[in-house]
Amino acid sequence: MAKRTFYDQWHRIAELRVGLRPGISVRKHSYRGEDWYVYYEAAHCGFFRARPETHALIMEISPERMLNDIWRSYADKSPKTAPGQQDFFDLISALYSANLIYVEGGVSETHILERALGKKKKPLPARISELLFFRIPLWDPEPFLKRNTAAIRAIYSWPAIAFVAMILVWAGIEFALNSDRAFSQSSNILQINNVIPLYIAIFITHFFHELSHAALTKYYGGHVRTMGVMLLMMTPLPYADLTSVWNFRDKWRRAAVGAAGMYADLFSCAVATILWAYAPPGALNEIALNLMFVTAVYTFVFNVNPLMRFDGYYILSDLVEIPNLHTAAKTQFNAFFSTKFLKEQENPNDVVSSRRRAFLIGFFITSNIYRIMIMLGIVLFVADQYLGLGLLVAAALAYNAFVAPVAKAIKPLRNPYFLRKHSRKLTVAFGAGVVVLGAFLFVPLPDNRRLDGVIEAQQRTRVFVPVDGQLAQVAQRSGARVIAGEPIATFENSELELQRRGLAARLQGARARRTQAISSGSVELAAIDEEVTALQQSLTYMDAQLEDLVVRAPNSGVWVSTQLSGQVGNWISRGTEIGQVIDDSQYVFQGVLRQETADGIGGLGKDDVSVKIEGERATSHQISQLQILPYSRRDLPSLALSPLAGGSNAISTEDPQAAQAVERFFLITATLDPIRDTSTGLNGRSGWLRMTLEPTPLAAQTVRSLRQFFQRRYKL
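Residues numbered from 1 in each chain as written. Predicted model: local features only at pLDDT ≥ 70, side-chain atom pairs only at ≥ 80, totals over all residues. Heavy atoms only, no water.

Participant: Outline the sheet that holds strand β2 (residues 25-31), listing residues and values.
Facilitator: Spatially, three strands are ordered β2-β3-β4 in an open sheet, and the strand pairing comes out antiparallel. Each edge of the sheet is formed by a strand with only one pairing partner; in this case those strands are β2 and β4 (46-50). Direction aside, the axes of adjacent strands within the sheet are offset by 25 degrees on average. Of the pairings in the sheet, the one linking β2 to strand β3 (residues 34-41) comprises seven bridges and is antiparallel in character. Its bridge partner being in β3, H29 is matched across the sheet by W36. (Pairing = 2+ DSSP bridges. Helix = DSSP H or I, 4+ residues; strand = E, 2+ residues; numbered from the N terminus. Axes fitted to C-alpha atoms, helices over the stretch in contact; angles between N-to-C directions.)

Participant: Got a sec to walk through unusual backbone geometry? Specific residues and values, please.
Facilitator: Even without glycine at this site, E321 takes up a positive phi of about 55 degrees. Relative to the helices and strands, E321 is located in the loop between α13 (311-319) and α14 (325-340).

Participant: Residue-level account of the packing of helix α9 (residues 179-186) against helix α12 (residues 283-303), with values.
Facilitator: One way to put it is that α9 packs onto α12 with a least axis distance of 11 Å and a crossing angle of 90 degrees. Between α9 and α12, the interaxial angle falls into the category roughly perpendicular. Between α9 and α12, the residues in contact are R181, Q185 and S186 and N285, E286, L289 and F293, respectively. Here the contact of α9 with α12 is composed, by residue class, of two nonpolar, three polar and two charged. (Parallel < 35°, antiparallel > 145°, perpendicular 65-115°, else oblique. Contact = heavy atoms within 4.5 Å. Nonpolar A, V, L, I, M, F, W, Y, C, P; charged D, E, K, R; others polar.)

Participant: Quick one: what's the story with the pattern of salt bridges, residue by residue and with numbers?
Facilitator: Throughout the structure, instances matching the rule amount to 14 salt bridges. Among the salt bridges present, the one from R450 reaches D452, with a minimum N-O distance of 3.3 Å. R450 gets classed as exposed once you look at its relative accessible area, which sits at 54%. According to the relative accessible area criterion, D452 is partly exposed, its value standing at 37%. Among the charged side chains, a salt-bridge network with shared partners connects E60, R65 and K77. (Salt bridge = Lys/Arg side-chain N within 4 Å of Asp/Glu carboxyl O. Buried < 20%, exposed > 50% of the residue type's maximum accessible area, 1.4 Å probe, protein only.)

Participant: Tell me about the sheet that holds strand β15 (residues 571-572), and name the residues and values.
Facilitator: Taken together, the four strands give an open sheet; going across it, the order is β13-β12-β10-β15, and neighbouring strands pair in antiparallel fashion. Sheet topology places β13 (550-552) and β15 at the edges, where each strand pairs with a single neighbour. Relative to strand β12 (residues 487-492), strand β10 (residues 469-474) runs antiparallel, the two being bridged by four bridges. Bridging from a neighbouring strand, Q470 pairs with E492 of β12.

Participant: Quick one: what's the story with the nonpolar core, residue by residue and with numbers?
Facilitator: Ranked by size, the top nonpolar core spans 29 residues in total, and within it Y39, F48, L67, F88 and L95 carry the most contacts. Among the elements that make up this core, the one with the highest residue count is helix α3 (residues 85-97) (six residues). Once residues within four sequence positions are removed from consideration, F88 is found in contact with W10, L57, L67, I70, W71 and P83. Membership of the second largest hydrophobic core comes to 27 residues, among which are V463, W559, I572 and I578. (Core = buried A, V, L, I, M, F, W, Y, C linked by side-chain atoms within 4.5 Å.)

Participant: Requested: an account of the side chain of T339, with residues and values cited.
Facilitator: Along the chain, T339 falls in helix α14. Its relative accessible area of 14% is what places T339 among the buried residues. Of the polar contacts made by the side chain of T339, one reaches the backbone oxygen of A335; its length is 2.7 Å. Not counting the four nearest positions on each side in its chain, T339 is found in contact with E344, E346 and R357. (Polar contact = N/O pair within 3.5 Å; in protein donor to acceptor, adjacent residues only side chain to side chain.)

Participant: Which residues make up the environment of S585, and what values do they have?
Facilitator: Position of S585 among the secondary structure elements: in strand β16 (residues 577-594). Judged by its relative accessible area of 40%, S585 is partly exposed. As a C-alpha pair, S585 and L672 span 87 residues in sequence and 9.9 Å in three-dimensional space.

Functional significance is not addressed by these values, which are geometric in nature.
Here it is in C-alpha cells:
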C-alpha cells in the first residue's frame, strides 16, 4: 500500500466498529509465485482480492474494536507494511462495497461510503459515454443451470469437444469451396432491409455465448446469479455476471470459462455455414448467412483480441497470472514514469521483474492506442448514421480519453510539496510545452499534398481496320516499337481481288474498242473515252483498297493491341479498332482534384509540383506545363482511378465501365518533361502528383484538414 500516514477524512470512520459478514469464504491463490487471498460472499456474490499484508490487516478487523484502535495496533506491530489512514479508509470502503463487512452499533454506514461515492460522481460527459455501456440485470440463471447439470457435463465432455472439432473442419471445407459465393452475398449484409434479421442473429448468438460462459462456470463449481441486457453502443445485448470465476484457483479453468463463449460461437458458426452451403436460396439461406457472418466477425475480429476487454483479454490475464491486467499495466506505467522521470521512491508493492514490467508497459501503451482507434471508429459509425448524436458521443469519449486523464495527471500540481520538489523539472517541461505549442501555432512548416492520377501518353493514335478482310498475319506484337509506315497487320479479301480483275478486263476491252473506234472514225469515241476514264478511276480506288489491306503504323511509337490476339483467320469488319500507336516521347499526368481539397492550389506553378509513377517510386519527374480545368466534371480520365482498379474515387453503379464518378471533381493535367527510358511502358500506369504549397503552421494545416474531412464526409 502507498503510505500517507494521516488523512483529513479519517475522523469519519475512526470510531466505527465493523466486522466481516458471516459465511465469507477465504481462499489462497498463487499468481506467478505471489500469494493472494480471495474473499467471497455468496449471498451477494461479492469478491475482494488482497495481498498477504492486506489480508493480515483484514483479519484484525473485529466489531469489538474501533477502526482507529485497529489501525494504531497494526501500525505498532508492523510499521513497514502498515497502511496510512487514507489507504485504510479506501480498504474499508472497498470491503463494504463488496458486501464483505457490516457496521456494529447502529452507526450510519454512509460514513464509510462518503468518499467512495464522491469518487463516483462523474462529470456529464463521462455519464453520457457510460450510457453506451449500461447494464440491466434481468434473470437469475442458477436454478436453470442446476436443473441441467447433466446436459452441461455432456456439452463440455471430450467426446462433445471432438464432435464440435469435426463440425468445424466440415464447415471450413464448405466455406473454402463456396468462398466466392460467401463474399458476394455478404457484401449486401449491412443493407437497411437486413438490419432487423442481422440484429436478431446477433442477439441470439450472443445469448448462447453468455449462457456458455455461465454453464462452464457452473460445471467447475461456480455460481452465476445474474444475466441480463447491456447497452453496447445503445444496442441491447445479453450479458452474464461471472465474478465467481475469481474464486477458481486453477488458471486453466478460469481461461476455459473465458473461452467458453467462443466455443459456442464457433459451433454456431459451423452449423450456420453448413446450412448456408446446402440450403437453397430463400429465408433459411439468409438466416444462416447472418448467423455465419455475425459469429465469425465477432469471434475473430473482436472477442479473441486481448487488447479489448472481451474474452481474449481475460484469457490472457488468467494465463499470464496477472489479476486486473489493465490496472496492473497502468500501475507499472505510472511507476516507471515517476521513478525514471520524477526520481520518486518506488512503492514496494509496484516492484516487479524487468521482464514483467516491459510486458505490462507495452500492453498498456498498445491497448490504449488500440482503444483510441476503436473509439474513433465508434464515433465515425454513429456520426455516419446520426451526425448530432455522433458529435455528442465524440465529446463524451474525448473527455474520458483525453481531458479526464490530463486533468488527473496535472492534479499533483496543486500540491505545494510536489511543486517545490520538482520545480526544476516542471519549469523545463512547461518551457518545452510552450515551445511546442508556439511551434504548432506559429512556425510555418512545409505543406505538401498528394493527388492520385494516371499517366497517359500525350499522343495516342487509334488504329482501325480500313477495309473488310480476313486477318492473314500480325506483323507486330503488342508492345513493339514501330516507325511510321511500318506494316502492323495484313488482311486478305478475295472479293476485292476478283473485283479488280473484272475491272482490269473491262478496262482492257474498253481500250480495245477505243482503238477500233479511232481507226474507223466511229461517233462512239467520246462515250468510250468516258467509260475508260471511269474504269481507270474505279481501278485506282480498288488498288487503294487492296493497299489498305496492309495496315501500317500512322506514326512512330509503341504498338499496343489486345484485339488481334488469336484472331488470325477471322473476318474483321471495316471500322473495327485493333489497337493504338502510342507516342512515348511525351506523357501527361491526369489527376482527380476533389472540390473539398481544392483550397489553396490556385496559385500553383509547374515548379511547385512533381510526379511519381507507380513502379518507379525512387524517381521524381518534373513537369513542363500544369493546367487545372476551371469547371467540374464527372468523367474519370481512366478506370484506374476507380475502386475497380484500387482507386479511391467512387463511381456510379449504373454503368461501372463508363467511369462516371459519383461526385463532381476538377481535372488537373501536368505535362511531363521528356522521359529518356520508356522501355517499360508508362501509359496507363497509376501515379501521384506531389504539390508543394506555401508553408503554413501545423495548426492551420490541422484545421484545414478537419474542415475538408467534415465537408467530404458529411457535406458540411
